[in-house]
Amino acid sequence: MSNFKGFAFGILTSATFGLIPLFTLPLMAKGMQFDSILFYRFLFAALALTGIMVTRKESFHVEKREIPVLVLLGFFYTASAMFLFWGYSFMSAGIATTLHFTYPIFVTLIMLLVFREKTSWVTLMAIVLAICGVARLSINEGEMKLNALGVFIVLLSAVGYALYITTVNKSRVQKMTGRKLTFYVFVVSTILFAVKAGTNEGIQAIPDAMSLMNLVLLAIVPTVISNITLVLAVHNIGGTLTAVLGAVEPITAVCVGVLVFSEPFTPNLAVGILLIIIAVTLIILSKSIQHTLREIRRRLAHLNLLK
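Residues numbered from 1 in each chain as written. Predicted model: local features only at pLDDT ≥ 70, side-chain atom pairs only at ≥ 80, totals over all residues. Heavy atoms only, no water.

1. Structural notes on the overall build of the chain
Counting its secondary structure elements, the chain contains 14 helices and zero strands. The C-alpha radius of gyration computed for the chain amounts to 20 Å, which stays within 12% of the reference 19 Å derived for 307 residues, consistent with globular compactness. Burial analysis of the chain (307 residues in total) assigns 49% to the buried set. Long-range pairs, those at least 24 residues apart, make up 89% of the contacts in the chain with a sequence separation of at least 6. Put simply, the chain shows about 14900 Å² of open surface, and 69% of that area lies on carbon and sulfur atoms. Each charge class in the chain was averaged separately, 23 positive and 12 negative side chains, and the resulting centres sit 15 Å apart. (Helix = DSSP H or I, 4+ residues; strand = E, 2+ residues; numbered from the N terminus. Rg over C-alpha atoms; globule rule 2.2 N^0.38 Å. Buried < 20%, exposed > 50% of the residue type's maximum accessible area, 1.4 Å probe, protein only. Contact = heavy atoms within 4.5 Å. Areas by Shrake-Rupley, 256 points an atom, 1.4 Å probe, with all protein chains shown as cover. Lys, Arg positive; Asp, Glu negative; His and termini not counted. Charge placed at Lys NZ, Arg CZ, Asp CG, Glu CD.)

2. A look at empty space enclosed by the protein
This structure, assessed with the given rule, holds three cavities of 30 Å³ or more. Its boundaries defined by the atoms lining it, the largest cavity holds a volume of some 60 Å³. Residue lining of the largest cavity: Phe 17, Ile 20, Arg 41, Tyr 77, Ser 80, Ala 81, Leu 84, Phe 85, His 100 and Tyr 161, and that is the complete set. Of all the elements, helix α4 (residues 67-87) adds the most residues to the lining of the largest cavity, at five residues. (1 Å grid on protein atoms, 1.4 Å probe; cavity = no way out; pocket = protein on both sides within 12 Å on 5 of 7 lines; lining within 4 Å. Points joined across faces, edges and corners; volume = space filled by probe spheres on them.)

3. Some details on the confidence of the model for the chain
Confidence in the prediction for the chain averages 85 pLDDT; 93% of positions are at 70 or higher. Within the chain, the lowest mean pLDDT, 72, falls on helix α5 (residues 93-100), and the highest, 95, falls on helix α3 (residues 34-55). (pLDDT = per-residue confidence, 0-100.)

4. Let's talk about the layout of surface pockets
The calculated volume of the second largest pocket comes to roughly 370 Å³. What lines the second largest pocket is a set of 20 residues, among which Thr 123, Ile 237, Leu 241, Ser 286 and Lys 287 lie closest to the centre. Within the residue set of the lining of the second largest pocket, elements represented by two or more residues are α1 (2-17), α10 (209-237), α11 (239-244), α13 (267-284) and α14 (286-306). For the lining of the second largest pocket, the element with the most residues is α14, which contributes four residues. A per-class count over the lining of the second largest pocket returns six nonpolar, eleven polar and three charged. (Nonpolar A, V, L, I, M, F, W, Y, C, P; charged D, E, K, R; others polar.)

5. A look at the pattern of salt bridges
Within the structure shown, the criterion is met by seven salt bridges. Between Asp 35 and Lys 196 there is a salt bridge, with its nearest N and O atoms 3.2 Å apart. With Asp 35 in helix α3 and Lys 196 in helix α9 (residues 178-199), this residue pair connects regions lying 161 residues apart in the sequence. What makes Asp 35 buried here is its relative accessible area of 6%. Arg 65 is the salt-bridge partner of Glu 63, the closest N and O atoms lying 2.9 Å from each other. Here Glu 63 falls in the partly exposed class, since its relative accessible area comes to 38%. Under the relative-accessibility criterion, Arg 65 is labelled exposed at 53%. What emerges from the salt-bridge pattern is a single network uniting Arg 56, Glu 58 and Arg 179. (Salt bridge = Lys/Arg side-chain N within 4 Å of Asp/Glu carboxyl O.)

6. Brief notes about the packing of aromatic side chains
This structure, assessed with the given rule, holds 17 aromatic pairs. Considering the side-chain rings of Phe 39 and Tyr 40, the 5.4 Å spacing of their centres and the 65 degrees angle between planes classify their relative orientation as edge-to-face. The exposure class assigned to Phe 39 is buried, which follows from its relative accessible area of 12%. Accessibility expressed as a relative area gives 12% for Tyr 40, which makes it buried. An angle of 75 degrees between the planes, with centres 5.2 Å apart, marks the rings of Phe 60 and Phe 183 as edge-to-face. In this pair, Phe 60 is assigned in the loop between α3 and α4 and Phe 183 in helix α9, connecting sequence segments 123 residues apart. Overall, the relative accessible area of 10% leaves Phe 183 in the buried class. Aromatic rings pair up to connect Phe 17, Phe 42, Tyr 77, Tyr 103, Tyr 161, Tyr 164, Phe 186 and Phe 193 into one cluster. (Phe/Tyr/Trp six-rings, centres within 6.5 Å; stacked < 30°, edge-to-face > 60°.)

Below, the structure written as structure tokens:
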């Protein structure tokens, strides 16, 4: 049951996180800078979580030793969001998503090299298939032209997100409730983006009512919901599997493009989605696959002994 919940939360995290371009691109078209967009995103998200926690009478108390970890988590999440949005200036949202999705590789490497966590061949195969699938989603007519600086910037967003996931999984705040942890991460992110905006042009005013609606939806759907479910997924199935389930994110982005913006559904999209579905299925069934293969090997060895 714990694994089932973890997989469900991981898929929901990715599905909601993939809606970021839907709410962000119209704001950028209105002339809003990403510093201001991200400031409002995390401010509104923190206010929403405050209302939820007050309504449910949840405690805001944290121990002193947990504060540095929460600040560090806020820094990692802020860095990831900032570099991803910055990457949108150099390339399309689809290609940026492709590069950002390299974060499962960084999560796996961190878990392997720093925490000595073993990774199964099924997980590694799923990572390869998922990355191939995401790449297919972003290839346009056989070409994927990339800007070197843009690639570096988006890869930094992937590293930041990987560090966020592994810190949630391995730090002293692992047992903290998802809402409380997420609330303090958003508070730190709001402060950091307020400072960053202040060093540039300052925080911009919200242009109109539609932009306000987009900011509120950006704060609720791919921020509050996705981050709470992310913490719950990491608690239940660990950082590596949660990261690989992030493959659902570009599928969401593709569906938004086809259904909302009337983009064509090409063979590349079909192949990419199929590869990602196979990868996610491998992750969900990884333990069963490994158990079945061990049982087959055991029976074959037993038959050889009988001979």
